[in-house]
Number of protein chains: 2
Amino acid sequence: MTARTPDSARDIPEATVARLPVYLRALTSLAEDGTTTCSSEELAASAGVNSAKLRKDLSYLGSYGTRGVGYDVEYLRYQIAREIGVTQDWPVVIVGIGNLGHALANYSGFRSRGFRVVALLDADPRRHEEVVAGLDVRSFDDLESIVAEHDVSIGVIATPAVAAQDVADRMVATGITSILNFAPTVLSVPDGVDVRKVDLSIELQILAYHEQRKSGLPTAEVLS
Amino acid sequence: MTARTPDSARDIPEATVARLPVYLRALTSLAEDGTTTCSSEELAASAGVNSAKLRKDLSYLGSYGTRGVGYDVEYLRYQIAREIGVTQDWPVVIVGIGNLGHALANYSGFRSRGFRVVALLDADPRRHEEVVAGLDVRSFDDLESIVAEHDVSIGVIATPAVAAQDVADRMVATGITSILNFAPTVLSVPDGVDVRKVDLSIELQILAYHEQRKSGLPTAEVLS
DNA sequence: GCCGTTTTGTTCTCCCGTTCACAAACTCCT
DNA sequence: AGGAGTTTGTGAACGGGAGAACAAAACGGC
Ligand SMILES: NC(=O)c1ccc[n+]([C@@H]2O[C@H](COP(=O)([O-])OP(=O)(O)OC[C@H]3O[C@@H](n4cnc5c(N)ncnc54)[C@H](O)[C@@H]3O)[C@@H](O)[C@H]2O)c1
Ligand SMILES: NC(=O)c1ccc[n+]([C@@H]2O[C@H](COP(=O)([O-])OP(=O)(O)OC[C@H]3O[C@@H](n4cnc5c(N)ncnc54)[C@H](O)[C@@H]3O)[C@@H](O)[C@H]2O)c1
């Protein structure tokens, strides 16, 4: 509305934002295969979406394709990365270095996709002896200084559910404004702070619901 | 339409299905606190949703509340669990016992929420020496016999991306019809098979997008 | 230089999901 | 028993996203 869009501040629909990373990955994959140009049809197939949806999504970023030709893979990849903001690395802290925290710390996919784990924190002093993925596990009390030092704005919570709200509160207090939460709890945070949750049990329960349906109906599933 | 709903076969909107597990968890939490009755307002707050949405969601299951009073926590909890299909355990196999697979195998939240891990499979023979969470890590070739023996219909993929499609194909061939995929790939499966994906990097990239927006705008964020 | 072919960008329509708002229904108090 | 006060269940308005369909634009062949 206010039309004072300095560069590319059009607001992109949330559903589109959620798909841009998928396109980014598909483009990276195509680039690795040596493909330099692709049509919306090919890219859509690679990303698992409808080609009309893909084109509409990309149109929010600008006109980066060429009619009759398609998209330049490398150019489009860069434009999407720039729009998402992963052309340079984001520092991230992980809190709660238990089963899941270890896996996250060891995950190489973060680094390659624009994120750098700068610290691993845990409340349990016994954990502080450990070195995971080349990083010392440090005291949760070091949160403030680490966030200040590395200018961290993204935090990951992998603690038990009971501790998650406390951890979130501390994160917010130190200036973190984006949280990825693995604990099965609803976090309450002030306006201006984004929270996304990943909840395995919910995903499995959704599958279970459909599974129950399948076995219920006799064979009235397919129609093609 | 066809109105031949044997028991409770009304089709529940997908968005509602995705929230039922959240309500289930909120109700369990309330029950543990000793609450026996709750209003839609309380339950909605506990689940982090709008109360009107909650009531509409619940109305798809039936009329399980009492006007002027609210919902019986234990009764509603059971009704939702039954609708989702987690009143008895679902057997699950996990394929790919690396960093993430270990964390999943050790996760106690599955058992308590209606799922039972019956086998851990890995293609790497060196893994077969291991015992994780009380289960032997077995050869991927045992998939068929394990699925047949335990009547498994849900599989979890925690292998590297390159192997994921192969694993999915094998799963489908053995009769698995629901897959939870952690590998960053688009899986293609036949009709009748459900796939849900969990992708950490995508979640972080969505956060990064909004984070970039925040730092762009000066302070035009809050208005309350 | 022009025409047919290809593929993008966009418009239009439809559908799903969210939210408001209110009547119906139940409890409790007098 | 009746009325005031609560709270559910749902009809209706609204907004956003998905997909079909097409016009505009670029390329290649002649
Ligand atoms: N393991 C999985 O595969 C998995 C799957 C889905 C969800 N989860 C969820 O992720 C979270 C972590 O799971 P996990 O299996 O790693 O648990 P875990 O018990 O192995 O690890 C939790 C860690 O958090 C630390 N911790 C506890 N309180 C803390 C605090 N206040 N501040 C900082 N650190 C604190 C503990 O010392 C421990 O090291 C849980 O909420 C769990 O429900 C785990
Ligand atoms: N570790 C994390 O926190 C994390 C986070 C997000 C996504 N992921 C994704 O999850 C997957 C697993 O991650 P990880 O860190 O555990 O990797 P990992 O390399 O530690 O483990 C992968 C395991 O899969 C096994 N495997 C390989 N090919 C197989 C096959 N064809 N059949 C059966 N088993 C096979 C390997 O032997 C290995 O044990 C990857 O796709 C990764 O991108 C991991």
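Cut-offs and rules
Residues numbered from 1 in each chain as written. Chains lettered and ligands numbered in written order. Predicted model: local features only at pLDDT ≥ 70, side-chain atom pairs only at ≥ 80, totals over all residues. Heavy atoms only, no water. Contact = heavy atoms within 4.5 Å. Buried area = accessible area lost by both parts, 1.4 Å probe. Salt bridge = Lys/Arg side-chain N within 4 Å of Asp/Glu carboxyl O. Polar contact = N/O pair within 3.5 Å; in protein donor to acceptor, adjacent residues only side chain to side chain. Helix = DSSP H or I, 4+ residues; strand = E, 2+ residues; numbered from the N terminus. Near = heavy atom within 4 Å. Areas by Shrake-Rupley, 256 points an atom, 1.4 Å probe, with all protein chains shown as cover. Nonpolar A, V, L, I, M, F, W, Y, C, P; charged D, E, K, R; others polar. Buried < 20%, exposed > 50% of the residue type's maximum accessible area, 1.4 Å probe, protein only. Pairing = 2+ DSSP bridges.

Participant: Mind showing me how you'd approach the interface of chain A and chain B here?
Facilitator: How large an interface is tends to be reported as the accessible area lost when its parts come together. Across the boundary between the two partners, chain A contributes 65 residues, which contact 65 residues of chain B. Summing the contributions of chain A and of chain B, the shared interface buries around 5,700 Å²; its carbon and sulfur component is 64%. It is L204, Q205 and L207 of chain A in chain A that bury the most area against chain B; as a group they hold 12% of the surface buried on that side. Viewed at the interface, chain B and chain A are joined by 6 salt bridges. Note that D199 of chain A and R25 of chain B form a salt bridge whose closest N and O atoms lie 2.2 Å from each other. In this structure, the connection of chain A to chain B is made through 24 residue pairs in polar contact (both at pLDDT 80 or more). Counting residues per element, the side of chain A that touches chain B draws most heavily on helix α9 (residues 200-216) of chain A, at 15 residues.

Participant: Can you walk me through the protein's contact with DNA strand D in this structure?
Facilitator: Every one of the 26 residues lining DNA strand D counts as a neighbour, but R19, K56 and R67 of chain A together with S40 and Y71 of chain B are closest to it. At the protein interface, 67% of the atoms of DNA strand D within 4 Å belong to sugar or phosphate. Taking R67 of chain B, its side chain carries an N or O atom lying 3.1 Å from a sugar or linking oxygen of DNA strand D. Interatomic distance of 2.6 Å between a side-chain N/O atom of Y71 of chain B and a phosphate oxygen of DNA strand D. Going through the elements one at a time, α1 (14-32) and α3 (51-59) of chain A together with α3 (51-59), β2 (65-66) and β3 (70-72) of chain B are the ones with two or more residues in the surface near DNA strand D. Top element by residues in the surface near DNA strand D is α3 of chain A. It accounts for 4 residues.

Participant: Looking at this model, I keep getting lost on the site of ligand 2. Mind explaining?
Facilitator: Residues in contact with ligand 2 amount to 23 residues; listed here are only the nearest, N99, L100, D122, R127 and T159 of chain B. Chain contributions to the surroundings of ligand 2 come from chains A and B. Between an oxygen atom of ligand 2 and a main-chain N or O atom of A103 of chain A, the distance comes to 3.0 Å. Here L104 of chain A contributes a backbone N or O atom positioned 3.5 Å from an oxygen atom of ligand 2. Within the complex, the protein chains bury 83% of what would otherwise be the 820 Å² of accessible surface of ligand 2. Where the shell around ligand 2 is concerned, the elements lending two or more residues are α5 (99-106) of chain A together with α5 (99-106) and α7 (161-174) of chain B. Broken down by element, the shell around ligand 2 gets its largest block of residues, 3 residues, from α7 of chain B.

Participant: Where do I start with the protein's contact with DNA strand C in this structure?
Facilitator: Taken together, 27 residues are adjacent to DNA strand C, and S40, G68 and Y71 of chain A together with R19 and R67 of chain B come closest. For DNA strand C, the fraction of atoms within 4 Å of the protein that belong to sugar or phosphate moieties is 68%. Measuring from a phosphate oxygen of DNA strand C, one finds a backbone N or O atom of G65 of chain A at 3.1 Å. Here a base nitrogen of DNA strand C sits 3.5 Å away from a polar atom, N or O, in the side chain of R55 of chain B. Counting residues per element, the ones that place at least two in the surface near DNA strand C are α3, β2 (65-66) and β3 (70-72) of chain A together with α1 (14-32) and α3 of chain B. The element that contributes the greatest number of residues to the surface near DNA strand C is α3 of chain B, accounting for 4 residues. Looking at the surface near DNA strand C residue by residue, the class counts come to 7 nonpolar, 11 polar and 9 charged.

Participant: Would you take a moment to explain the pattern of salt bridges for this structure?
Facilitator: In a structure, side chains of opposite charge can pair up when their charged atoms sit close to one another. Tallying each qualifying case throughout the model produces 22 salt bridges over all chains. Between E74 of chain B and R77 of chain B there is a salt bridge whose closest N-O contact spans 3.1 Å. With a gap of 3 residues between them, E74 of chain B and R77 of chain B both fall in helix α4 (residues 73-84), about one helical turn apart. Overall, E74 of chain B belongs to the partly exposed group, its relative accessible area being 41%. Bridged by salt links that share partners, the residues D141, E144 and R170 of chain A form one connected network.

Participant: How should the sheet that holds β3 of chain B be read in this particular structure?
Facilitator: Hydrogen bonds between backbone groups are what pair the strands of a sheet, and the pairing can be parallel or antiparallel. Strand order in the open sheet made by the 3 strands is β1-β3-β2 (chain B), with antiparallel pairing throughout. Each having just a single partner strand, β1 (37-38) and β2 of chain B make up the two edges of the open sheet.

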